[in-house]
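Structural description and commentary
These are the residues of each chain, in order.
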Amino acid sequence: MEHPDSILIVDFGSQVTQLIARRVREAGVYSEIAPFQSAEAAFERMKPAGVILSGGPASVLDDGSPRIPQAILDSGLPIFGICYGQQALMHQLGGAVERGNSGEFGEAFIDIADRCALFDAVWREGERHQVWMSHGDKVTALAPGFRPVAASPGAPYAVIADDARRIYAMQFHPEVVHTPDGGKLIANFARHVCGLSGDWTMAEFRQTKIAEIREQVGKGRVICGLSGGVDSAVAAVLIHEAIGDQLTCVFVDHGLMRAGEADQVVSLFRGHYNIPLVHVNAETLFLNGLAGVTDPEAKRKFIGKTFIEVFEAEAKKIGGAEFLAQGTLYPDVIESVSFTGGPSVTIKSHHNVGGLPERMNMKLVEPLRELFKDEVRDLGRELGLPDIFVGRHPFPGPGLAIRIPGEVTKERCDILRKADAIYLEEIRNAGLYDAIWQAFAVLLPVRSVGVMGDGRTYDSVLALRAVTSTDGMTAQAFEFPGGFLARVATRIINEVKGINRVTYDYTSKPPGTIEWE
């Protein structure tokens, strides 16, 4: 659909393109990402107010490297090129790009040489500012109409501007936190250069989506699979607000949730919201199927497949539903860019976005597919969901199964549930819960010798994990205050039978992932 008050982001394959969209939305402006291969179609569909060109791993000097659609260059709309986006602009508009001998990677400092619309109320002529560089090639000659406005030792044209055509470009990455003022530069482009008001809010999104759901569904019936997480819950409450009892929710309880969460879901939906809910206790089915399975991807695939089968069976019992609702988020549906045309590498399987619609021959209702995780939380608060539910740390669809490396059993699930509950309770008691992106315990397939009382033990080892992050794409281990981890370890070992050693995971993402499997 058209979004004339929006920004289109053309993705050339950067690992941080999603952060550009985040920064635009933080400025109160709606944005969408389109791979360069389909950018022209997205441009025609959206009719945006401006375009941002992302970075990417390719070189504009290579045959077959990605290009900016000519329709965008000819549109007269404001354009903002970042890294590869800058190089592509110069390459296509008559400038010059050369392969760098050394490039610039990591923290760098640029000197502001002249005024520029991107710098308004942010940077001044003569100042020096920290940025984040990641480039090999560099611009060596500007296209007609452009002027340099900032430079670094490795990039003489670190920021360039064509004021008449409202085209701006920079060699560094303003979207990452390592460019401290980058968000303000992007906001200046969206608001000042593109002339957008910056008034995109969750209240507006809520009303727009309610109208869209009513138009899409009409008098039809919708069935929604609740996972117990925030995403499917927010989607269900929003859809229920739009169409009332035309919605029925099915909560497939696989027995792999944290302590008390299944009861919380049932209470919230049946009690507080009075939403029709079918609660399926399928713990035995899932645990029997996981017996002997140790491969992480096999676990995920089994859980996803079984979830679909149980949900499908319940949907047939209910009957009459034409639409399937899912809590799919924007990061799940952004297309991966592949320059060779081959498939992207699968890091982990996600079971919430595949398989179900095709098998059940139903139309999809995905009201959250334009939102990032923190935006879903904001929408949940806008809808009146309790903060203790909306503010919960992310929880994987396969649940505790991927926090138990090795075989998953009921005994090990119960041990992990108790330990994890103590860990989270101590975090809340210390007032640290909201400062952490995600915290959880992992029950390792390792046993260690211990001494408890006068006896020797040979029990399981527990790993604690807590990270800070803005979006889950990168993460750092959370630094707990002195004595906290020792206190948690003591409680867990004293109160949870079967654990005699506790460790803390300091690994960042990358190279690790946040979850262990």
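Scoring rules and cut-offs
Residues numbered from 1 in each chain as written. Predicted model: local features only at pLDDT ≥ 70, side-chain atom pairs only at ≥ 80, totals over all residues. Heavy atoms only, no water. Helix = DSSP H or I, 4+ residues; strand = E, 2+ residues; numbered from the N terminus. Rg over C-alpha atoms; globule rule 2.2 N^0.38 Å. Contact = heavy atoms within 4.5 Å. Areas by Shrake-Rupley, 256 points an atom, 1.4 Å probe, with all protein chains shown as cover. Lys, Arg positive; Asp, Glu negative; His and termini not counted. Charge placed at Lys NZ, Arg CZ, Asp CG, Glu CD. Polar contact = N/O pair within 3.5 Å; in protein donor to acceptor, adjacent residues only side chain to side chain. Buried < 20%, exposed > 50% of the residue type's maximum accessible area, 1.4 Å probe, protein only. Right-handed = clockwise from strand over helix to strand, strands pointing away. Salt bridge = Lys/Arg side-chain N within 4 Å of Asp/Glu carboxyl O. pLDDT = per-residue confidence, 0-100. Axes fitted to C-alpha atoms, helices over the stretch in contact; angles between N-to-C directions. Left-handed = near helix turned anticlockwise from the far one by under 90°. Nonpolar A, V, L, I, M, F, W, Y, C, P; charged D, E, K, R; others polar.

To continue, consider the overall build of the protein chain. On a plain count of helices and strands, the protein chain comes out with 16 helices and 20 strands. In terms of overall size, the protein chain behaves like a compact globule, its C-alpha atoms giving a radius of gyration of 25 Å where 517 residues would be expected to give roughly 24 Å. Each principal axis of the C-alpha distribution contributes one length, and for the protein chain these read about 75 × 65 × 40 Å. A sequence separation of at least 24 residues applies to 76% of the contacts in the protein chain between residues at least 6 apart. Accessible surface for the protein chain amounts to roughly 21,800 Å². Of this, 50% is attributable to carbon and sulfur atoms. With 51 positive and 65 negative side-chain charges, the protein chain shows a spacing of 5 Å between the two charge centroids.

Right, let's get into the environment of arginine 412. For arginine 412, the location among the structural elements is in helix α15 (residues 410–429). Expressed as a C-alpha distance, the spacing of arginine 412 and leucine 444, which sit 32 residues apart in the sequence, is 9.8 Å. Sequence-distant contacts of arginine 412, that is, excluding residues within four places in its chain, are made with Ile404, Glu407, Leu443, Leu444, Pro445 and Ser460. Here leucine 444 takes part through its backbone oxygen, which lies 3.0 Å from a polar atom of the side chain of arginine 412.

With that settled, the discussion passes to the pairing of strand β12 (residues 222–226). Counting buried positions along β12 gives five out of five residues, so the element sits mostly inside the fold. Both faces of β12 are covered, namely the face carrying Val222, Cys224 and Leu226 and the face carrying Ile223 and Gly225. Considered for its hand, the β-α-β crossover made up of β12, helix α7 (residues 230–243) and strand β13 (residues 247–253) is right-handed.

Here we come to unusual backbone geometry. Residue lysine 509 is joined to proline 510 through a cis peptide bond whose omega torsion reads -15°. The topology assignment puts proline 510 in the segment after β20 (499–504). Omega for the bond connecting proline 510 with proline 511 falls within 30 degrees of zero, at 15°, which places this linkage in the cis form. In this fold, proline 511 is placed in the segment after β20. Here lysine 47, not a glycine, exhibits a phi torsion of approximately 50°, which is positive. Topologically, lysine 47 is positioned in the loop between α2 (39–46) and β3 (50–53). Its identity is not glycine, yet arginine 166 carries a phi of approximately 60°, on the positive side. By secondary structure assignment, the location of arginine 166 is in the loop between β10 (155–162) and β11 (167–170). Judged by relative accessible area, arginine 166 falls into the partly exposed class, the value being 32%.

A word on the pattern of salt bridges. Note that side chains of opposite charge can pair when their charged atoms are close. Counted according to the given criterion, the structure contains 32 salt bridges. Ionic pairing is found between glutamate 261 and arginine 392, a salt bridge with its closest N-O pair at 3.5 Å. A residue pair is termed long-range when its members are at least 10 positions apart, and glutamate 261 in helix α8 (residues 261–272) and arginine 392 in the loop between α14 (387–390) and α15 qualify at 131 residues. The same class applies to glutamate 261 as to arginine 392, namely buried. Across the pair aspartate 414 and lysine 410 runs a salt bridge, and its minimum N-O distance is 3.5 Å.

This next bit is on the confidence of the model for the protein chain. Looking at the protein chain, pLDDT values average 89 and 92% of them are 70 or higher. Low confidence marks residues 338–355, where pLDDT is under 50. Its contacts with residues over four positions away, or in another chain, come to 28 contacts.

In the contact formed by helix α9 (residues 283–290) and helix α10 (residues 296–318), the axes pass within 10 Å of each other and the chain directions differ by 150°. In this structure, α9 crosses over α10, and the sense of that crossing is right-handed. Two secondary-structure elements touch here, α9 through Leu285, Phe286, Gly289 and Leu290 and α10 through Lys299, Phe302, Ile303, Thr306, Phe307 and Val310. Residue composition of the contact of α9 with α10, grouped by class: seven nonpolar, two polar and one charged.

Here we come to helix α13 (residues 373–382). Every buried residue of α13 is accounted for by Lys373, Glu375, Val376, Arg377, Leu379 and Gly380. If you follow the buried residues of α13, they end up packed against α1 (17–26), α6 (202–217), α7 and α14.

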